[in-house]
Amino acid sequence: MVETAADQKNPLLEPWTGPFEAPPFGRIRPEHFRPAFDLALKEARAENAAIAADPEPPNFRNTIEALERAGRSLDRVASVFFNLASAQSNDEIEAIEREIAPVLSRHRSDFFANEALFARIAALKANESKLGLDPQQARVLERYHLNFTRNGAGLSAEAKARLADIGERLATLGAAFGQNVLADEKSWLLVLDHGDLDGLPASFVASAARAAADRGYEGQHLVTLARSSVEPFLQFSKRRDLREKAFRAWSARGENGGATDNRAIAAETVRLRAERARLLGAPSFAHFRLADTMAKTPEAALSLLRSVWAPARDRAAEEEAALQDIAASDGGNFKLAPWDWRYYSEIRRKQAYDFDESEIKPYLQLDRLIEAAFYVASRLFRLSFTERFDLELYDKDARAWTVMGPGGAPVALFIGDYFARPSKRSGAWMSDFRGQQKLDGEELPIIVNVMNFSKGGDGEPSFLSFDDARTLFHEFGHGLHGMLSDVIYPTISGTNVARDFVEFPSQLYEHWLEQPEILRRFAPHCKTGEPMPEALLQKLLNARRFNQGFATVEYTASALVDLELHLDPAPGDIDITAFERKELERIGMPDAITMRHRTPHFQHVFSGDSYSAAYYSYLWSEILDADGFEAFVEAGDIFDPAAARRLKDFVYAGGDSRDYEEAYRGFRGRDPLPEPLLRKRGLEAAPAGDA
Ligand SMILES: [Zn+2]
């Protein structure tokens, strides 16, 4: 039989006509992706070629707007595919992912190598003042020009060829770096005999037994170097000798000599990045990387890190003294070492802040906390949420809501996919199936939040830990950044913003979860309906400041080393270990704390480029969220309408339509200050609370 209508039957190639024009998940099969990708890629190439070959002289409409319209089919297929690859994968999807990744990366590099296209963009940029562009259009033009030049457009053929070689080599190095860390984590095991379990909680013992059984050590217990195994071990094990052993192995990942040693890889990566930056006209890789962020310069990022470093180190010294006292009263006659910190600070936490997880759990029901997140959005942004049951989603546990604005007009479709399952990768994230834009009429966003919470038993509610609840609010904050987006052009829509700005709307949203007013209302006891007792609530909220000297020091040291490594304009053959040691000495790193990520296993920075010279971004965003929430505190109303209005206009709705500093100033009326962050982390001069 001849199959002639195969394409017509591919739902990825049909118009989607259901509510919100959502993807028809029920009909999409893995075998639909490859043909849809192939067709969409062909279409995108033809669209780009037509724009490049347009005989008309370039203008904003026939070049930039045309580019904004191009590649729609590809975006549509790719968004469904990559969302499923993360949240609902299987062997077939994984195979397609391996196959399509290099094809897409090739498509992208061909795009930026298109000199005819770049000539049109460069001509527009050169004549910008005569084009009469509005601010959004100017921003979009700037974005295109920047993306092309940052990818080498306009350089000599020789320079371009070198950039391509560097890019290829860096990709290889990045992949090897990650694999080496994984190999070191896999090859190390600590087998515990029954006598070695002292202090370990039952839940840890159970998972250590499972890990042992999985690897053929039936009846024994295993500690591995995965953070989820080694960290609780360091926290609870009474065996100082075993803690030292585990800690040393954990800290030496990527630095063990032999085939999995990452030091030469890191050194070569730093060298090649610097060369790439030089070819592109930047003084160093850090300068190149940060030119396109809110911080803009390495100096600005360094100055932030340094402003936090001294108070963090002071607080860490106080913490260390307290831990040393506990160790002494425990009969320990030694100076506190890095493998002791987590253990004694767990004892200290119990003394000062302890609440039993089982005490808090009955108050934190998933459904009530989803309501809480919606309630905050209704108070701040006058949104309302109506669950709908007429959509077939990609999993039976996923839920969908129509989100409506003040006048009842639809704003977005929100999908919540909350429970862990084997087909989902770990972690929590926000993504979209379609971003907001209104280039050709209003296109409403379809936003998804994906979590890995454990599902309650049959007919039972699902309960969260407080960290889970914070994650729920965090991702919903990203979600609102996508849903409230109100810009014309897709390139600058929603969460398409700089690395050091993107966590601001999400981290800011977490603050509302921590308001007693919200917890009293949305965290009632599941059986009695009574609100959480005040003492428990306060303990929960105070716990946030616990051990923050340590946490800030281990983080900031990593961020400083990352930046310093990438500031050298022409690094030679760096000895990574020596560089790290020298830098830590220079900043006065406490002996009892190590970097959160030592360079030979610093995957944020070396497994690809996502946080290279940009690990500071987390703290940068935290300055913004701490200072940003103070706008509401100062107004005396956590839902202050005027502050909420500015927050929406300049942050949640603004996408990348403005310079980030300007956006922040628009919301806050001034530049961000670091003091609220110090207060939030309990690092201000006068110690907070009783511990
Ligand atoms: Zn986030």
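Bear in mind the structure is a predicted one, so any value in this text is a computation, not a measurement. Counting of residues starts from 1 at the beginning of each chain's written sequence and follows it residue by residue. In keeping with the model being predicted, local features are shown solely for residues with a pLDDT of at least 70 and side-chain atom pairs are shown and tallied solely at 80 or more, while totals for entire chains, interfaces and linings include all residues. Side-chain descriptors were evaluated using all non-hydrogen atoms of the structure, hydrogens and water having been removed beforehand.

Trainee: What is the right way to read the coordination of the zinc ion from this model?
Mentor: Around a metal, the perfect tetrahedron of four donors has angles of 109.5 degrees, and the perfect octahedron of six donors has angles of 90 or 180 degrees. Protein coordination at the zinc ion comes from H474 (NE2), H478 (NE2) and E503 (OE), with a distance range of 2.1 Å. Water is not part of the atom set, so a site may look incomplete; the donors themselves are N, O and S atoms within 2.8 Å of the metal, or 3.2 Å for Na, K and Ca. Mapping the donors of the zinc ion onto the primary sequence yields the spacing H-x3-H-x24-E. Taken as a pair, H474 and H478 lie in helix α17 (residues 466-483) at a separation of 4 residues, close to a single helical turn. Only protein chains enter the accessibility calculation, which uses a 1.4 Å probe; a residue whose area is less than 20% of its type maximum is buried, one above 50% is exposed, and one in between is partly exposed. What makes H474 buried here is its relative accessible area of 12%. By the criteria applied, helices consist of DSSP H or I runs no shorter than four residues and strands consist of E runs no shorter than two, each listed in order from the N terminus.

Trainee: Sorry if this is basic, but what is going on with unusual backbone geometry here?
Mentor: For residues besides glycine, phi is generally negative; the peptide bonds are generally trans as well. A positive phi angle, near 50°, is found at E21, a position not held by glycine. Residue placement: E21 occurs in the segment before α1 (33-52). Here the phi dihedral of A613 falls at roughly 55°; this positive angle occurs in a residue that is not glycine. With respect to the secondary-structure elements, A613 resides in the loop between α23 (603-606) and α24 (617-635). With a relative accessible area of 0%, A613 lands in the buried category.

Trainee: Quick question: what am I supposed to make of the pattern of salt bridges here?
Mentor: When the charged atoms of two side chains with opposite charge come close together, those side chains can pair. Salt bridge, as used here, is a side-chain nitrogen of Lys or Arg placed within 4 Å of a carboxyl oxygen of Asp or Glu. Under the definition given, this model contains 64 salt bridges. Note that R306 and E564 form a salt bridge whose closest N and O atoms lie 3.4 Å from each other. You can see R306 sitting in helix α13 (residues 298-329) and its partner E564 sitting in helix α21 (residues 548-565), a full 258 residues away along the chain. Here K455 makes a salt bridge to D397, at a shortest N to O gap of 3.0 Å. You can see K455 sitting in the loop between β7 (446-453) and α17 and its partner D397 sitting in the loop between β3 (384-388) and β4 (399-404), a full 58 residues away along the chain. K455 gets classed as partly exposed once you look at its relative accessible area, which sits at 46%.

Trainee: For this particular structure, what's the right way to read the nonpolar core?
Mentor: Generally speaking, nonpolar side chains in soluble globular proteins are found buried as a group. We call a set of buried residues a nonpolar core when its members are Ala, Val, Leu, Ile, Met, Phe, Trp, Tyr or Cys and they connect through side-chain atoms within 4.5 Å of each other. If you look at the biggest cluster of nonpolar residues, it comprises 135 residues, and the most contacted ones within it are Y418, F476, L480, Y509, W512 and F632. The contact partners of L480, leaving out residues within four places of it in the chain, are A377, F381, L383, S485, Y509 and Y652. Of all hydrophobic cores here, the second largest spans 37 residues; its members include V77, A85, I93 and I96. Contacts are assigned to residue pairs that have any heavy atoms within 4.5 Å of one another.

Trainee: Mind showing me how you'd approach helix α10 (residues 240-251) here?
Mentor: Given 3.6 residues to a turn, an α-helix orients residues that are three or four positions apart in the same direction. Expected span of a helix, by definition, is 1.5 Å for each gap between consecutive residues, and there is one gap fewer than residues. The first and last C-alpha atoms of α10 sit 16 Å apart over 12 residues, in line with the 16 Å expected at 1.5 Å per residue. Listed in full, the buried residues belonging to α10 are L242, R243, A246, F247, A249, W250 and S251. Of the surrounding elements, those touching the buried residues of α10 are β1 (190-192), α9 (227-236) and α14 (338-353).

Trainee: How should helix α20 (residues 534-542) be read in this particular structure?
Mentor: Those residues of α20 lying buried are L536, L537, L540 and L541. The arc enclosing the buried residues of α20, seen along the axis, measures out at 130°, which places them on a common side. Against the buried residues of α20 lie α15 (357-360), α17 and α19 (516-522). As used here, the arc belongs to the directions running from the helix axis to the C-beta atoms.

Trainee: Hey, could you run me through the packing of α1 against helix α5 (residues 115-126) in this one?
Mentor: Helix-helix packing is described using two parameters, namely the angle between the two axes and the distance between the axes. Two elements in contact, α1 and α5, have axes separated by 8 Å at closest approach and are oriented at 55°. When the axes of α1 and α5 are compared, the pair comes out oblique. Where α1 crosses over α5, the handedness of that crossing is left-handed. Contact residues: α1 offers N48, I51 and A52, while α5 offers A116, L117 and R120. The nonpolar class holds Ala, Val, Leu, Ile, Met, Phe, Trp, Tyr, Cys and Pro. Asp, Glu, Lys and Arg form the charged class, and all remaining residues, Gly among them, are polar. Looking at the contact of α1 with α5, its residues break down into 4 nonpolar, 1 polar and 1 charged. Geometry is summarised by axes, namely lines fitted to C-alpha atoms with helices restricted to the contacting stretch, and by angles between N-to-C directions that run from 0 to 180 degrees. Here the word oblique covers every angle except those under 35 degrees (roughly parallel), over 145 (roughly antiparallel) and from 65 to 115 (roughly perpendicular). Throughout, a crossing is termed right-handed when the near helix is turned clockwise from the far one, and left-handed when it is turned anticlockwise from it by less than a right angle.

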